[in-house]
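# Descriptive structure summary
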Amino acid sequence: MRAMDERAASLLSIGRFGRLAGLSIGALRHYDELDLLRPAWTDPATGYRYYRQEQLEDARLIARLRDLEMPLDDIRLVLAADEPAERRRRLSAHRARIQARTDRLQHVLHHLSVAETSKEPIVSNPPKPPTLDAATRRALAVGLFNRTWELIETPDRTSAQDDEMIHAAHASRYHWGEVGEPVRLARGEWQCARVYATLGRGEPALWHANRCLAILEADEEGREDWDLAAAFEGLARASAVAGDRAARDAWVARTKEALTAIADPEDRRVIEGDLATVP
């Protein structure tokens, strides 16, 4: 009995721990049941929960993340993340969800304002884009891809042509996203990266180049032997435009290594030609 008392004396009671952490006793009991934040010791005779001082950091983090409306399953992943970069990635993903919800509410507010002031009846189902068959979408994806490439190769493009080039690349990628295999999506992302690199816009170029590589890495069966080399070249170009010389050189080296895996000499020459134009 005395050993139990001494053990309890060295720990924080659930009430004191909750006050220090900013969590209610009910919340702490719930987190114990979910195996999210277990007490250091539970008195077998009374069922009272006790916590160590060192657990306050995790408890305060949970309280803060709950205040920021992060779901408990995501909080569990944040707590389990050993690397700061992984924690930041989880927080960024949650921020993106909150931003999407905010944008949705702004959209709702706009339509409510219109409905308040309009004399027209409220439309129960807002109009949707027309349904296109798969063959039409594929034709659009291919045609827009080719049009984008024509614009990339156009000397002395106007500002209007720059705009068209951006929108055509994204439209092609969109239609491939509706009917295409993953490798088609990756190539669409590669072209978006190329467009932004051509326009000297490093951040979106890197975004789409990284998306291209991520899709290809998840689709080993569907990609061809030249796709990875093209993705590495895209990342080299995007890194150069973004001003990251070290990353640019590293991706150039990876591209040259990946070129050796390309069986068709013509495919290899195409990517070698692209690599030669990386700034």
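Look up a bit, the structure's there.
First, a word on what this report is: a plain description of the structure on this page.

### Looking at the nonpolar core
- By size, the foremost hydrophobic cluster in this structure holds 38 residues, and its most contacted members are Val195, Cys212, Leu213, Leu216, Ala229, Trp251 and Ile271.
- Those elements giving two or more residues to this core turn out to be helix 7 (134–152), helix 8 (159–179), helix 9 (182–198), helix 10 (202–217), helix 11 (227–242), helix 12 (245–259) and helix 13 (265–276).
- Per-element accounting of this core gives the leading share, nine residues, to helix 9.
- In this view, leucine 213 contacts Leu228, Ala231, Phe232, Leu235 and Trp251; residues no more than four positions away in its chain are not counted.
- One finds Ala27, Leu28, Leu37 and Ile62 within the second-largest nonpolar core, a separate group that totals 21 residues.

### Here's the deal with the sheet that holds strand 3 (residues 49–51)
- With antiparallel pairing, three strands are arranged side by side in an open sheet as 1-3-2. Edge positions in the sheet fall to strand 1 (12–13) and strand 2 (41–42), since each of these pairs with one other strand and no more.
- Sheet analysis places strand 1 next to strand 3, joined by two bridges and oriented antiparallel. Across the sheet, the residue bridging to leucine 12 is tyrosine 51, located in strand 3.

### A few points about the pattern of salt bridges
- All chains considered together, the criterion is met by 22 salt bridges.
- With a closest N to O distance of 3.0 Å, arginine 64 and aspartate 67 form a salt bridge. Note that arginine 64 and aspartate 67 are positioned in helix 4 (residues 56–67) at a spacing of three residues, about one turn of the helix.
- Among the residues examined, aspartate 67 registers a relative accessible area of 54% and is labelled exposed.
- Note that arginine 237 and glutamate 233 form a salt bridge whose closest N and O atoms lie 2.8 Å from each other. Of this pair, arginine 237 and glutamate 233 both sit in helix 11, four residues apart, which is roughly one turn of that helix.
- The buried category is assigned to glutamate 233, whose relative accessible area is 1%.
- Taken together, the shared-partner salt bridges connect Asp32, Asp35, Arg38 and Arg49 into one network.

### Here we look at unusual backbone geometry
- Phi is positive for aspartate 35, which is not a glycine, with a value near 60°.
- Following the sequence through the fold, aspartate 35 ends up in the loop between helix 3 (25–33) and strand 2.
- Despite not being glycine, glutamate 69 has its phi angle at roughly 65°, a positive value.
- Summarising the element assignment, glutamate 69 is placed in the loop between helix 4 and helix 5 (72–80).

Conventions used here
- Residues numbered from 1 in each chain as written.
- Predicted model: local features only at pLDDT ≥ 70, side-chain atom pairs only at ≥ 80, totals over all residues.
- Heavy atoms only, no water.
- Core = buried A, V, L, I, M, F, W, Y, C linked by side-chain atoms within 4.5 Å.
- Buried < 20%, exposed > 50% of the residue type's maximum accessible area, 1.4 Å probe, protein only.
- Helix = DSSP H or I, 4+ residues; strand = E, 2+ residues; numbered from the N terminus.
- Contact = heavy atoms within 4.5 Å.
- Pairing = 2+ DSSP bridges.
- Salt bridge = Lys/Arg side-chain N within 4 Å of Asp/Glu carboxyl O.

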